[in-house]
Amino acid sequence: MNIGIVGTGLMGSQIALRLAHKGHKVTVFNRDKSKAEKLRSANSITLGVANQPSDIGCNCDIALICVKDYEAVSNVSFGKGGLIENPKADLVVIQCSTIAPDESHKIADLYSSKGIKMVSVPILGGISAAESGELILIAAGDKTDYDQSESILKDISKQVFYIGSNHGTASILKLAVNINISLIALALAEGLVFVKGNKIDPNIFVKIFNCTYFKTGISENKGPKIANDDYTTSFHLMNMVKDLNLALRTAHNSGLVLPTTTSAHTVYRASEVFGLSNMDYTSVASFLLKLNGYNTFGLSGK
């Protein structure tokens, strides 16, 4: 198929490369065109680079949107040179960005009003999972539209959950997962700081914890890195702040109270203000270190 990727950040770039390796003709667009050009020039495979989203909309069978937030989704979809300008017949838009459920409905309705099909597909998994085609996908939308895009979704994932026609349900499930991720990472960070503050090697704590029933993918994959002050980015902290904000707003609209999520949002937001926006979400541990008067997890001094 001819596939377009709108947004070549950490996730979009890996999805583009994965689909190209699977034999599809892939064209990418990024608002900073140099990032799209860099993606093409850095790999032996052939990727096309579009000047604007409408170039993808009128030439591709499927367009995947992988951008930061609702505003960005709206701009690449309905702004000047957006996907809705002169779209190819039977174009299916796969909206992968994490946005609120009410925003998902609004985007889907606007596409529908222009006669364009859209499937909401929030993504679970980091850039390594995208590279290896092992993402978990939550898909919502008209079943016929989903069926048209299913083979592409399977090319980038190890499991796809089709949950029905309600676009907002996919957003809620994705936000629920990210609530858990944020809390698990924060609990791990606090455990490490607690150990550090009592003059114990954090690496020992990680090894012990990962031998227990309570270990997680985060503690196994991120724990050793955090203990050695390695915050290699797989998901930006600023996006975690954004997602927690969306979750709390959605909870409020549903009449729900999420006190632990509220506390977590406060800590991640403080970390963002502290200057960690563009670092990995696990750099919340670095913020907690500084809060307690430490610079690193190293044993020598503060």
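Going by the structure above, here's the rest.
Note that the structure is a prediction, hence the values are computed from the model and not measured.

Undergrad: How should the packing of helix H8 (residues 167-197) against helix H9 (residues 202-209) be read in this particular structure?
TA: The geometry of a pair of packed helices is captured by two quantities: the angle between their axes and the separation between those axes. Two numbers describe how H8 lies on H9: the axes approach to 9 Å, and their chain directions differ by 135 degrees. When the interaxial angle is binned, H8 and H9 end up oblique. Every pair of crossing elements has a handedness; the one defined by H8 and H9 is right-handed. Across from Leu-188, Gly-191, Leu-192, Val-195 and Lys-196 in H8, the residues of H9 making contact are Pro-202, Phe-205 and Val-206. Split into classes, the residues belonging to the contact of H8 with H9 amount to six nonpolar, one polar and one charged.

Undergrad: Where do I start with helix H14 (residues 284-291) in this structure?
TA: Note on helix geometry: an α-helix contains 3.6 residues per turn, so any two residues three or four positions apart are oriented the same way. The buried fraction of H14 amounts to six of the eight residues, a majority that puts the element mostly inside the structure. Considered for burial, the residues of H14 that qualify are Val-284, Ala-285, Ser-286, Phe-287, Leu-288 and Leu-289. Taken together, the buried residues of H14 touch H8, helix H11 (223-227), helix H12 (237-253) and helix H13 (259-276). In the segment just after H14, Gly-293 is the residue with positive phi, at about 85 degrees.

Undergrad: Can you walk me through the sheet that holds strand S9 (residues 157-162) in this structure?
TA: Sheets are built from strands that pair by backbone hydrogen bonding, the pairs being arranged parallel or antiparallel. A sheet is described by the order of its strands in space; here three strands give the open sequence S7-S8-S9, paired in mixed fashion. In this open sheet, the two edge strands, each paired with only one partner strand, are strand S7 (123-124) and S9. Pairing of S7 with strand S8 (residues 135-139), which is carried by two bridges, proceeds in the antiparallel orientation. Looking across to S8, one finds that Ile-123 is bridged to Leu-137. Sheet strands touched by helix H7 (residues 143-155): S8 and S9. Its angle to S9, the strand with the most contacts, is close to 165 degrees.

Undergrad: Could you clarify how one ought to interpret the packing of aromatic side chains in this entry?
TA: Enumeration over the complete set of coordinates arrives at six aromatic pairs. Between Phe-205 and Phe-209 the ring centres are 5.9 Å apart and the planes differ by 35 degrees, which places this aromatic pair in the tilted class. Within this pair, Phe-205 and its partner Phe-209 are both found in helix H9, separated by four residues, close to a single helical turn. Plain terms: the ring middles of Phe-274 and Phe-287 are 5.7 Å apart, the flat faces sit at 70 degrees to each other, and that makes the pair edge-to-face.

Undergrad: Sorry if this is basic, but what is going on with a nonpolar patch on the surface here?
TA: A cluster of nonpolar residues, Phe-161, Ile-163 and Leu-173, forms a patch on the protein surface that exposes about 230 Å² of accessible area. Structurally, the position occupied by Ile-163 is in the loop between S9 and H8.

Undergrad: Before we go on, may I ask you to explain the sheet that holds strand S6 (residues 117-120) in this structure?
TA: Read across the sheet, six strands follow the order S3-S2-S1-S4-S5-S6 without closing on themselves; strand pairing throughout is parallel. The sheet terminates laterally at strand S3 (47-49) and S6, the two strands that pair on one side only. Averaged over all pairs of adjacent strands, the angle between their axes in this sheet comes to 25 degrees, without regard to strand direction. Contacting strand S1 (2-6), strand S4 (62-65), strand S5 (92-95) and S6, H7 crosses the sheet at an angle of about 55 degrees to S6.

Undergrad: How should the pairing of S6 be read in this particular structure?
TA: Consecutive residues of a regular strand have side chains that alternate between opposite faces of the sheet. As paired strands, S5 and S6 are joined by four bridges and run parallel to one another. Bridge pairing in S6 places Gln-95 opposite Ser-120.

Undergrad: Would you explain the side chain of Asp-280 in this entry?
TA: Following the sequence through the fold, Asp-280 ends up in the loop between H13 and H14. Taking relative accessible area as the criterion, Asp-280 reaches 0% and is therefore assigned buried. Residues in contact with Asp-280, not counting those within four places in the same chain, are Lys-222, Tyr-231, Thr-232, Thr-233, Ser-234, Phe-235 and Leu-237.

Undergrad: How should the side chain of Gln-95 be read in this particular structure?
TA: Here Gln-95 shows up in strand S5. Relative accessible area serves as the criterion here: at 3%, Gln-95 is assigned to the buried category. Here the side chain of Gln-95 touches Ser-97 through a polar contact of 2.8 Å, landing on its backbone nitrogen. When residues no more than four places from it in sequence are discounted, the contact partners of Gln-95 are Ile-65, Val-73, Met-118, Val-119, Ser-120, Val-121 and Pro-122.

Undergrad: Hey, could you run me through the pattern of salt bridges in this one?
TA: Pairing is possible between side chains of opposite charge, provided their charged atoms come close. In total, this model carries 10 salt bridges according to the counting rule given. Linking Asp-90 and Lys-117 is a salt bridge whose minimum nitrogen-to-oxygen distance equals 3.5 Å. Of this pair, Asp-90 sits in the loop between helix H4 (70-78) and S5 while Lys-117 sits in strand S6, and the two are 27 residues apart along the sequence. Taking the shortest distance from any N to any O, the salt bridge between Lys-222 and Asp-280 comes out at 3.1 Å. Highlighted residues: Lys-222 in the loop between helix H10 (217-221) and H11 and Asp-280 in the loop between H13 and H14, separated in sequence by 58 residues. What makes Lys-222 buried here is its relative accessible area of 12%. Here the salt bridges share partners, and the residues they tie into one network are Asp-102, Glu-103 and Arg-249.

The rules behind each value
Residues numbered from 1 in each chain as written. Predicted model: local features only at pLDDT ≥ 70, side-chain atom pairs only at ≥ 80, totals over all residues. Heavy atoms only, no water. Axes fitted to C-alpha atoms, helices over the stretch in contact; angles between N-to-C directions. Helix = DSSP H or I, 4+ residues; strand = E, 2+ residues; numbered from the N terminus. Parallel < 35°, antiparallel > 145°, perpendicular 65-115°, else oblique. Left-handed = near helix turned anticlockwise from the far one by under 90°. Contact = heavy atoms within 4.5 Å. Nonpolar A, V, L, I, M, F, W, Y, C, P; charged D, E, K, R; others polar. Buried < 20%, exposed > 50% of the residue type's maximum accessible area, 1.4 Å probe, protein only. Pairing = 2+ DSSP bridges. Phe/Tyr/Trp six-rings, centres within 6.5 Å; stacked < 30°, edge-to-face > 60°. Patch = residues over 30% accessible without salt bridge, like charges linked within 9 Å, V, L, I, M, F, W, Y side chains within 5 Å. Areas by Shrake-Rupley, 256 points an atom, 1.4 Å probe, with all protein chains shown as cover. Salt bridge = Lys/Arg side-chain N within 4 Å of Asp/Glu carboxyl O. Polar contact = N/O pair within 3.5 Å; in protein donor to acceptor, adjacent residues only side chain to side chain.

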